[in-house]
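A closer look at the structure
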Amino acid sequence: MSGRNVNETKVICSDLFQLAATIYFPNQDIKGAVLIAPATGIKRQFYGNFATYLSENGYGVITFDNRGIGQSLLETLDNSEVSLQCWGEKDLPAALEKLKQAFPNTRYHLVGHSAGGQLVGLMPNAKELNSIFNFAC
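Because the structure is a prediction, the values reported are computed rather than measured. (Residues numbered from 1 in each chain as written. Predicted model: local features only at pLDDT ≥ 70, side-chain atom pairs only at ≥ 80, totals over all residues. Heavy atoms only, no water.)

**Let's talk about unusual backbone geometry**
- Here the phi dihedral of S114 falls at roughly 55 degrees; this positive angle occurs in a residue that is not glycine.
- Mapped onto the secondary structure, S114 falls in the loop between β5 (108-113) and α3 (115-118).
- Note on S114: relative accessible area 26%, which makes it partly exposed.
- The backbone of A136 shows a phi angle near 55 degrees, a positive value even though the residue is not glycine.
- Secondary-structure assignment places A136 in the segment after β6 (131-135).
- Of the residues examined, A136 reaches a relative accessible area of 57% and is grouped as exposed. (Helix = DSSP H or I, 4+ residues; strand = E, 2+ residues; numbered from the N terminus. Buried < 20%, exposed > 50% of the residue type's maximum accessible area, 1.4 Å probe, protein only.)

**Here's the deal with the packing of aromatic side chains**
- Overall, the coordinates contain three aromatic pairs when judged by the stated rule.
- Look at F46 and Y47: their rings are 5.1 Å apart centre to centre, the planes differ by 90 degrees, and that puts the pair in the edge-to-face class.
- A relative accessible area of 56% means that F46 is categorised as exposed. (Phe/Tyr/Trp six-rings, centres within 6.5 Å; stacked < 30°, edge-to-face > 60°.)

**Some details on the pattern of salt bridges**
- Counted by the stated rule, this structure contains seven salt bridges.
- K100 is the salt-bridge partner of E97, the closest N and O atoms lying 3.3 Å from each other. Of this pair, E97 and K100 both sit in helix α2 (residues 84-102), three residues apart, roughly one helical turn.
- Taken together, the salt bridges that share partners define one network made up of D15, R67, K90 and D91. (Salt bridge = Lys/Arg side-chain N within 4 Å of Asp/Glu carboxyl O.)

**Remarks on the pairing of β5**
- Counting buried residues in β5 gives six out of six residues, a clear majority hidden from the surface.
- Side chains Y108, L110 and G112 project from β5 onto one buried face, and the interleaved H109, V111 and H113 project onto a second face that is buried too.

**Observations concerning the side chain of D91**
- You can see D91 is positioned in helix α2.
- Those residues within four positions of D91 in sequence are excluded, and the remaining contacts are C13, L19, F64, N66, R67 and C86. (Contact = heavy atoms within 4.5 Å.)

**A word on the pairing of strand β3 (residues 32-37)**
- Among the six residues of β3, six are classified as buried, and the element is accordingly described as predominantly covered.
- What you see with β3 is no split at all: G32, V34 and I36 on one side and A33, L35 and A37 on the other are buried throughout.
- Judged from the four bridges that link them, β3 and strand β4 (residues 59-64) form a sheet pairing that is parallel. The residue bridging A33 from the neighbouring strand is G60, located in β4.
- Taking the sense of rotation as the criterion, the β-α-β connection linking β3, helix α1 (residues 48-56) and β4 turns out right-handed.
- When β3 meets β5, the two strands line up parallel, connected through five bridges. Paired with L35 across the strands is L110, a residue of β5. (Pairing = 2+ DSSP bridges. Right-handed = clockwise from strand over helix to strand, strands pointing away.)

This is the structure we're talking about:
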């Protein structure tokens, strides 16, 4: 894992909500870029080893915390209006746009875990994905 380039960043959603995210840059020519869509309640760090593996094999990767999860939890859940629909309509599309900014002119792939794979249908920009792989959905 030496030489791995990782950048902690923010993803800005259409409603200006900021999501905590991590971008993994490959140390070689890029083969494509991967958006890891998290399961309900799962922090982005859970996917760190997988994202590292992908980046070590030529893929740019973004992992993120949905609003209300991990470092994207800005208030108590009791006061939050977080919903699965919001994750699919606002969080996922914004994460894909951030991935495209970081890795322009390549092929874009989504790996969806549980709800992360189901919510792709709510993404207005899902047609920009070249492939989707879902597990435990």
